[in-house]
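Structural description and commentary
So the chains spell out like this:
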Amino acid sequence: MLEDKILVFRFNRGSREALRRIYEKYKDDLLGLAVALSNDVSLAEDVVHDVFVSFAQSVGTFNLTGSLKSYLSTCVANRARDRNRSMNRTDSTLEAADETSSDVIGPERSAICNEESKQLINLLSKLPYDQCEVIVLHLHHGLKFRRIAKLQSVSINTIQSRYRYGLDKLRCMLDGEVKT
Amino acid sequence: MRLPENIERFVKNRKPHVTAGADIDNRVLDDSFAAMEETMRAKSVVNQPSIRRIIMKSRITKLAALAAAAVIIIAVLIGVNYFGGSVDMAGVAWGGVIEKIEQIPTVVYKITSVTSYPGENREMSTKSDIYDGGAYGRRMDMYKNGVLSVQKFILVEKKIAYFIWPKKKQYTRFALTDDQATTKEDLPRQYVKSILSEDYTKLGHGNINGIEVEGVEVNKSKLPGGDKDVIRLWVDIETNLPIRIELECMMMESGAQRPTKQVIDDFQWDVEIDTSVFEPNIPGDFTQVEPR
């Protein structure tokens, strides 16, 4: 936390190195979030790119009031939602997930590290986007329901419902997989 | 596949771990650096700065005047003795410095900045007097070549700010947003926190203007985002309060990173500041201009 404050302080003074450190510190986590929300590595890279360029433009005026990680996670979630609105998510099948996150790609491309995560991403992609977002932000990135409610501009009760329904659907999907 | 008993744990345990590829690293960093510098360049051409830039402007100088030797001369004149003092001297309780300055509501100090322009054989310099009245407000008088260039009054309690340009006989007055009013640019405290939160090197005892001090130094390359910067902090052994802060770093000026030396000194911690200090007293023949 203190390290982040120093990084932000130096970033606001125009330090490239501070910006680089912020990116390197959070890039994998943010990419993971963007992939979980979009089920598309290329799209996730675009989301993280846009978030950091936008963050860089705030140099000199950026005011960190809470956690930098939460702030950047919220930015990624917002950007991913915007991107998702203009994308057709119906083709986000397991095959598509395997294709976009294939391990055959070289080190110059981002990659999801394990099969279990790919399976989860595929399942999440079949949920309504708002439910997927709540589950990912809460369980993977530790955002509180209150913050997610603000992000989605709905009440906490609605967020809790979306979370519960989302988990129920995941359980049903897994149940279906087990039966088959 | 077994149906997980705890779906939440199932999801948590499968958090995607994504390794960013070289392509995205290069693309993000190149574009972000370009965006950052473009923003800095755009801000540098704005004559009348926003509230958030007050301290930036005091660090990033705007004058072509004093020579590079100015900083060295200042250091000599105030008589910093890095090798003075006895080894028997009491030391600064470094752990208590931050706590102490956090509890002090008011402080008055000076900032001297010299920015070099490598290859152009010139420098820019400013000196500023800062009156930090805590929750009441702040005032900064910036001098260029000894001439008062601009005065900034940030009246936090009243949520009003005034910028006055005596030479142009102009001023601007605008309301502070809640964010602007509560966002305090507090250079000395920020620097002290930066230094003391890191693995600093003790410089030993010294004497500044007859005050026994002890110093520490942080090489900013050891700090997150370090740019080969060096920050030194000299603290009064008796009072445990900062006496002088020296900064050597690269700062953004006119669209480029330039070597800058900054000295913050003449501290008057916990001084009583008359509220009249924060009254703009704008002469009747000054013209009000719109804030940019």
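Residues numbered from 1 in each chain as written. Chains lettered and ligands numbered in written order. Predicted model: local features only at pLDDT ≥ 70, side-chain atom pairs only at ≥ 80, totals over all residues. Heavy atoms only, no water.

Description of the overall build of chain B
Definition in use: For the purposes of this entry, the term helix denotes a DSSP run of H or I that reaches at least four residues, the term strand denotes a run of E that reaches at least two, and both are numbered from the N terminus. Only protein chains enter the accessibility calculation, which uses a 1.4 Å probe; a residue is then buried when its area is under 20% of its type maximum, exposed when over 50%, and partly exposed in between. Whether two residues are in contact is decided by their heavy atoms, any of which lying within 4.5 Å being enough. Here, Shrake-Rupley sampling with a 1.4 Å probe gives the accessible areas, and only protein chains in the shown set may cover a residue.
Per the secondary structure count, chain B includes seven helices and 13 strands. Of all 292 residues assigned to chain B, the portion counted as buried reaches 53%. Of all intrachain contacts in chain B linking residues separated by at least 6 positions in sequence, the fraction that spans at least 24 positions is 56%. Of the accessible surface of chain B, which amounts to about 13,600 Å², a share of 50% is contributed by carbon and sulfur atoms.

A short note on the packing of aromatic side chains
Keep this limit in mind: Classification of ring pairs rests on two measures: the distance between centres of Phe, Tyr or Trp rings, Trp counted by its six-membered ring, which must be within 6.5 Å, and the angle between planes, read as stacked under 30 degrees, edge-to-face over 60 and tilted in between. A positively charged side chain is recorded as over a ring if its NZ (Lys) or CZ (Arg) lies within 6 Å of the ring centre. The angle to the ring normal must also be within 35 degrees.
Here the structure, examined in full by the defined rule, presents 13 aromatic pairs over all chains. Aromatic side chains A:Phe55 and A:Phe62 sit 4.9 Å apart centroid to centroid with 80 degrees between the ring planes, which places their arrangement in the edge-to-face category. Overall, A:Phe55 belongs to the buried group, its relative accessible area being 2%. For A:Phe62, a relative accessible area of 6% puts it in the buried group. Taking the centre distance of 5.1 Å and the plane angle of 65 degrees together, the rings of A:Phe145 and A:Tyr163 count as edge-to-face. Residue A:Phe145 is located in helix H8 (residues 145-152), and its partner A:Tyr163 is located in helix H9 (residues 156-179); the two are separated by 18 residues in the primary sequence. A single burial state applies to A:Phe145 and to A:Tyr163, both of which are buried. Counting every residue linked through ring pairs, the aromatic cluster contains A:Phe11, A:Tyr23, A:Phe52, A:Phe55, A:Phe62 and A:Tyr71. Above the ring of B:Tyr117, the side-chain terminus of B:Arg122 is found at 3.8 Å from the ring centroid. Above the ring of B:Phe163, the side-chain terminus of B:Lys152 is found at 5.5 Å from the ring centroid.

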